[in-house]
Amino acid sequence: MITRETMERQQTWFYVMALFAGAWIGLAAPAWGNALHYAVSPVLAVLLYSMFVQIPFTELRASWSNQHFMAALLIANFIAVPIVVRLLTLVFPQSPDVLIGVYLVLLTPCIDYVIVFTQLGKGNEKLMLAATPLLFVVQMILLPGYLWLFMGSDAATIMKAGPFVEAFLLLIIVPLLLAVMTQVLCKKGGSAQRLLHATAWLPVPMMALALVVVVASQIGKVYNDLNSIVNVIPIYAAFLIIMPFISRFIAKLFRLDTGAGRALIFSAATRNSLVVLPLALSLSPEWATIAAAVIVTQTIVELAGELIYIRLVPGVILKDR
């Protein structure tokens, strides 16, 4: 019988299997893949609830007060990353419909499975948990500005505020409030306490389910736009190679301890593909198809990189002092 601890230790392999399962469903049964498109947002909402409810909100005050880490996190994600992304898109130029997908995914730091990989990579996952609301709010505020700066009138034409607000409310605010309510109720014991224990099983299977749904619903677009997709892979690969070293420099600049430094590396290199996908799908049809395919491709490349990161970051890039 599988235990929760075993499932958490082996979770990366669950995610790899989920990617293959999603690809198989999407390519072998396109009708099922198209139907799963409508499940993307609900599944992501449940996934984020399952993650938020594990956050010990009453114990995060010390993490929020780590101003050195928070400052380093903001500089890495919202100054260093945009500079690197802009330079990479100049070195590997893309058409505007591809660029919008690249910018959407690379300019937004991850707020979900980065916590998992930070823990696996021996970083301080509590700092990442504490930074989640800050990262999401800041990226939603700055992303339209970065798109306008990098794409000009093209971005102004295709981006709308509605999807950003909807994603924030449905994918963050509602799951977050439900998580806080669950924790408040669980203090009274009884069924709420049992519910809290049950939710501890959810993050890994929900992450795997999210990957199945996302890949199954979008893999057909990736396959149909293979020529464009191949062209963006060097951008994603270069980003994964460059960001850990820039992040390590920023960590040393702010004199972060080893755990915080590793958390910074994972945050700067891990992107928000699952949450920005609904934003891409809300674009006009001529933009949405290729943008969504570009984002899903980044997820596949990134997960392969994360499997390397969890060994390379603690073993080579930032060793124990």
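Preceding this section is the structure that the text describes.
Residues numbered from 1 in each chain as written. Predicted model: local features only at pLDDT ≥ 70, side-chain atom pairs only at ≥ 80, totals over all residues. Heavy atoms only, no water.

Draft legend 1. Examining helix H16 (residues 273–281) more closely. Counting buried positions over the nine residues of H16 gives eight, a clear majority of the element. Every buried residue of H16 is listed here: Ser273, Leu274, Val275, Val276, Leu277, Pro278, Leu279 and Ala280. (Buried < 20%, exposed > 50% of the residue type's maximum accessible area, 1.4 Å probe, protein only. Helix = DSSP H or I, 4+ residues; strand = E, 2+ residues; numbered from the N terminus.)

Draft legend 2. A look at the nonpolar core. Phe69, Tyr236, Leu264 and Leu274 are the most contacted members of the largest nonpolar core, which has 117 residues in total. Considering each element in turn, this core owes the most residues, 15 residues, to helix H17 (residues 285–317). (Core = buried A, V, L, I, M, F, W, Y, C linked by side-chain atoms within 4.5 Å.)

Draft legend 3. Geometry of unusual backbone geometry. With a phi angle near 65 degrees, Lys122 is a residue other than glycine that sits in the positive phi range. Judged by relative accessible area, Lys122 falls into the exposed class, the value being 58%. Positive phi outside glycine occurs at Arg255, with the angle close to 55 degrees. Here Arg255 is to be found in the loop between helix H14 (226–253) and helix H15 (258–269).

Draft legend 4. Highlighting the packing of aromatic side chains. Per the stated rule, a full pass over the model turns up four aromatic pairs. Taken together, a centroid distance of 5.2 Å and an interplanar angle of 45 degrees make the contact between Tyr103 and Phe150 tilted. Residue Tyr103 is found in helix H7 (residues 96–106), and its partner Phe150 is found in helix H9 (residues 125–151); the two are separated by 47 residues along the sequence. Look at Phe266 and Tyr309: their rings are 6.0 Å apart centre to centre, the planes differ by 85 degrees, and that puts the pair in the edge-to-face class. Here the residue Phe266 occupies a position in helix H15, and Tyr309 occupies one in helix H17, the gap between them amounting to 43 residues. Just as Phe266 is buried, Tyr309 falls in that class too. An aromatic cluster of at least three residues, connected via ring pairs, comprises Tyr103, Tyr146 and Phe150. (Phe/Tyr/Trp six-rings, centres within 6.5 Å; stacked < 30°, edge-to-face > 60°.)

Draft legend 5. Spotlight on the side chain of Gln298. Relative to the helices and strands, Gln298 is located in helix H17. Apart from residues no more than four positions distant in its own chain, Gln298 is found in contact with Val105, Leu106, Tyr236, Arg271 and Ser273. (Contact = heavy atoms within 4.5 Å.)

Draft legend 6. Looking closely at the pattern of salt bridges. The tally for this structure, following the rule as stated, stands at one salt bridge. Of the charged contacts, one joins Asp320 and Arg262 as a salt bridge, the two residues approaching to 3.0 Å between their closest N and O atoms. Taken together, the residues Asp320 in the segment after H17 and Arg262 in helix H15 connect sequence positions 58 residues apart. The class for Arg262 is buried, based on a relative accessible area of 3%. (Salt bridge = Lys/Arg side-chain N within 4 Å of Asp/Glu carboxyl O.)

Draft legend 7. Highlighting the environment of Ala45. Note that Ala45 resides in helix H4 (residues 40–52). Here Ala45 falls in the buried class, since its relative accessible area comes to 17%. The sequence separation of Ala45 and Gln183 amounts to 138 residues, and the corresponding C-alpha distance is 17 Å. For Ala45, the residues in contact, after removing those within four places along its chain, are Leu170, Leu171 and Pro175.

Draft legend 8. Spotlight on a nonpolar patch on the surface. Together, Val165, Leu169, Leu170, Val174, Leu178 and Met181 give the surface a local cluster of nonpolar side chains, amounting to about 520 Å² of exposed area. Assignment of secondary structure puts Met181 in helix H11 (residues 161–186). (Patch = residues over 30% accessible without salt bridge, like charges linked within 9 Å, V, L, I, M, F, W, Y side chains within 5 Å. Areas by Shrake-Rupley, 256 points an atom, 1.4 Å probe, with all protein chains shown as cover.)

Draft legend 9. Seen up close, the layout of surface pockets. Its boundaries defined by the atoms lining it, the largest pocket holds a volume of some 560 Å³. Glu8, Gln54, Ile115, Gln119 and Pro203 are, among the 21 residues lining the largest pocket, the residues nearest its centre. Elements represented by at least two residues in the lining of the largest pocket include exactly helix H1 (4–9), helix H2 (11–28), helix H8 (113–120), H9 and helix H13 (203–224). At five residues, the largest contribution of residues to the lining of the largest pocket is made by H1. Class assignment for the residues of the lining of the largest pocket results in 12 nonpolar, three polar and six charged. (1 Å grid on protein atoms, 1.4 Å probe; cavity = no way out; pocket = protein on both sides within 12 Å on 5 of 7 lines; lining within 4 Å. Points joined across faces, edges and corners; volume = space filled by probe spheres on them. Nonpolar A, V, L, I, M, F, W, Y, C, P; charged D, E, K, R; others polar.)

As far as function goes, none of this settles anything; it's purely spatial.
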